[in-house]
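This is what each chain is made of:
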Amino acid sequence: MSEKVIMLGNEAIARGAYEAGVKVSSAYPGTPSTEISEYLVQYKKDLYEEWAPNEKVATEVAVGASLSGVRAMACMKHVGLNVASDPLYSVSYMGVNGGLVLMVADDPGLYSSQNEQDTRMVARAAQVPVIEPSDSAEAKDFVKVAFELSEKFDRPFIFRTTTRLAHSQGLVDLCEREEVEDKPYEKNIRKNVMMPGNAKLRHIEIEKRNLELAEAAETLSINRVEMNDTSIGVITSGIPYQYVKEALPNASVLKLGMVNPLPRKMIEEFASKVDTLYVVEELDPVIEEQVKSWGIKVIGKEIFTVQGEYSANMLRKAILKEDLEIKAPAEAPQRPPILCPGCPHRSVYYVLNKLKMHAAGDIGCYTLGAVAPLSVVDTTMCMGSSISTLHGMEKAKGKEYIKNWVAVIGDSTFLHTGVNSLMNMVYNNATGTVMILDNSTTGMTGHQDHAATGKTLQGDPTYAIDIPKLCRAMGVNNVIEVNAFDIATLEKVIKEETARDEVSVIITKSPCVLLDKSKKPLYIAHEDKCKKCGMCMKPGCPAMTRNADGTIHIDDTMCTGCGLCESLCKFDAIELVKAGE
Ligand SMILES: Cc1ncc(C[n+]2csc(CCOP(=O)(O)OP(=O)(O)O)c2C)c(N)n1
């Protein structure tokens, strides 16, 4: 008998992969995709899963596993697919042996991303088919469909989700794992060695396969028509399908489970049966533009936005012209992001701020060094970019120009793509100071291990890459390690290193405060000794507030006992009253 359970979208994808007989999964964390890999760990008896240093590596690992004959996958967020786009475009030509699926999560509404790009656009450019579920049940079941189609049509597939699906729950019907037999490895140089002569032929081949897949899309059960009242017809897919069903329960709907390639005949037929046709898709007009290119009259982005998430109310307003005040889908009180109390990044930024330094920033918790009162981070673009941005400035303006600049990068981000940029600095005789804010984890995405933490995704101990040694091995002569909370030493070292005419790396090593589960030290502020000078407030710790008379109060429910405020108080008004355990 089947078992029904409630699952998060990402949990359902992991379950789907297990049931589909996947044998290898490689991933790099990225909200909202991260939990797929974390849920996969429960199946480690049957399935190998790992964190790779970045998405390109993860994709190539999955390609290797597929070539060897097993079902394999790689997981990432939408911007991760950009990092993986080099293998993506080529494996699109190569095709697969064992089924190959990339799980890619988009983030309409930018809950936790640096841009709002639409993976379906990338997939179209790379000519990779895309499957998109609308709820947890489909998230699980469609994974199997993706693997079957991948093998049948010899194409890698993208399995696209969005934040709303990845992080909402739904009922799922559990099935047994399908034991998929490994396919024999076949040496096939024409298919798998992408040099021009072979790639030319493969391009012809995949154009053919795309047509075959588009033909098959006409009868795929995951593309379905729900015929109802014919005055309004809607073509939709993914999470927007749920909004359509809620706002327009009587409308006719063409629900697409495969969004690339599209079933043209099915769409034409559906269009011919309804009076007014809409395409409801979040982000880019991917379906809409294709449908319009076939001469079909359809309403889309003329009335719907290309930004953010949709909602049922938004559709009611746009289509039914109901007079509604549209609120954001989840209307929580505004809470700007802020570094946690006790975060080791705060003291680093405090010192940089004091020294009036600029930072070329990167992506991670430490991006919050851009926020007042620290306001040190001047740029943030994409993972690994801090070091190369600083390098570009130096090459443009000379070494004196960057003497009041540093690059700041986290440990996970350094291993992701920062390493290459540091290599570039050394190779090109650069000057400049790189600060690696090493908190021993991938903090921003929820504490995933990485190549320098000494633990694998499966929980096994492993060699921890030694970041200082790695920097020295690349030829950086000045590698200095400092405790992030030792602000006096930090100040001295930053002054010394930024004055050099060589590359230097300062590694501030202090674990993320949320990793430490021990009892915290307790500090109190003595109102009678407080001179209201505000020095202790400069780092912007959220555990510190001013009383009505201007003296300081430490909220002991928030304080983690890092001691930064105590080290800044010249009047002994802040006292350690109980040591940590
Ligand atoms: C290409 C890409 N992949 C993944 C992410 C998601 N992501 C944002 S920051 C980050 C790493 C943060 O870890 P670390 O550099 O160690 O800094 P911390 O947050 O711990 O301070 C990740 C994986 C992303 N934004 N871009």
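Thresholds applied
- Residues numbered from 1 in each chain as written.
- Predicted model: local features only at pLDDT ≥ 70, side-chain atom pairs only at ≥ 80, totals over all residues.
- Heavy atoms only, no water.
- Pairing = 2+ DSSP bridges.
- Helix = DSSP H or I, 4+ residues; strand = E, 2+ residues; numbered from the N terminus.
- Axes fitted to C-alpha atoms, helices over the stretch in contact; angles between N-to-C directions.
- Near = heavy atom within 4 Å.
- Polar contact = N/O pair within 3.5 Å; in protein donor to acceptor, adjacent residues only side chain to side chain.
- Areas by Shrake-Rupley, 256 points an atom, 1.4 Å probe, with all protein chains shown as cover.
- Nonpolar A, V, L, I, M, F, W, Y, C, P; charged D, E, K, R; others polar.
- Domains from an automatic or database assignment.

Draft legend 1. Local environment of the sheet that holds strand 11 (residues 251-256). If you trace the four strands from one edge of the open sheet to the other, you get 9-11-10-13, paired in mixed fashion. With one partner strand each, in any of the chains shown, strand 9 (224-226) and strand 13 (276-280) form the two edges of the open sheet. Each strand axis lies, on average, 20 degrees off the axis of its neighbour in the sheet, ignoring direction. Judged from the six bridges that link them, strand 10 (residues 229-237) and strand 11 form a sheet pairing that is parallel. Among the inter-strand pairings, Ile235 is bridged to a residue of strand 11, identified as Leu254.

Draft legend 2. Main features of the site of the ligand. The environment of the ligand is made up of 26 residues, and the closest members are Glu55, His345, Asp411, Thr413 and Gly443. Between the ligand and the protein, one listed contact pairs an oxygen atom with a side-chain N or O atom of His345 at 2.7 Å. Take Gly443: an N or O atom from its main chain is 2.7 Å from an oxygen atom of the ligand. Protein chains bury 98% of the 590 Å² of accessible surface belonging to the ligand in isolation. Looking at the shell around the ligand, the elements with two or more residues in it are helix 4 (78-83) and helix 17 (411-427). Here the shell around the ligand takes four residues from helix 17, the largest share from any one element. Class assignment for the residues of the shell around the ligand results in nine nonpolar, 14 polar and three charged. Each of domain 1 (3-182 + 191-217) and domain 3 (344-515) gives at least three residues to the shell around the ligand.

Draft legend 3. Focus on the domain arrangement of the chain. By the assigned domains, the chain splits into domain 1 (3-182 + 191-217), domain 2 (224-319), domain 3 (344-515) and domain 4 (522-578). The straight-line distance from the C-alpha centre of domain 1 to that of domain 4 is 50 Å.

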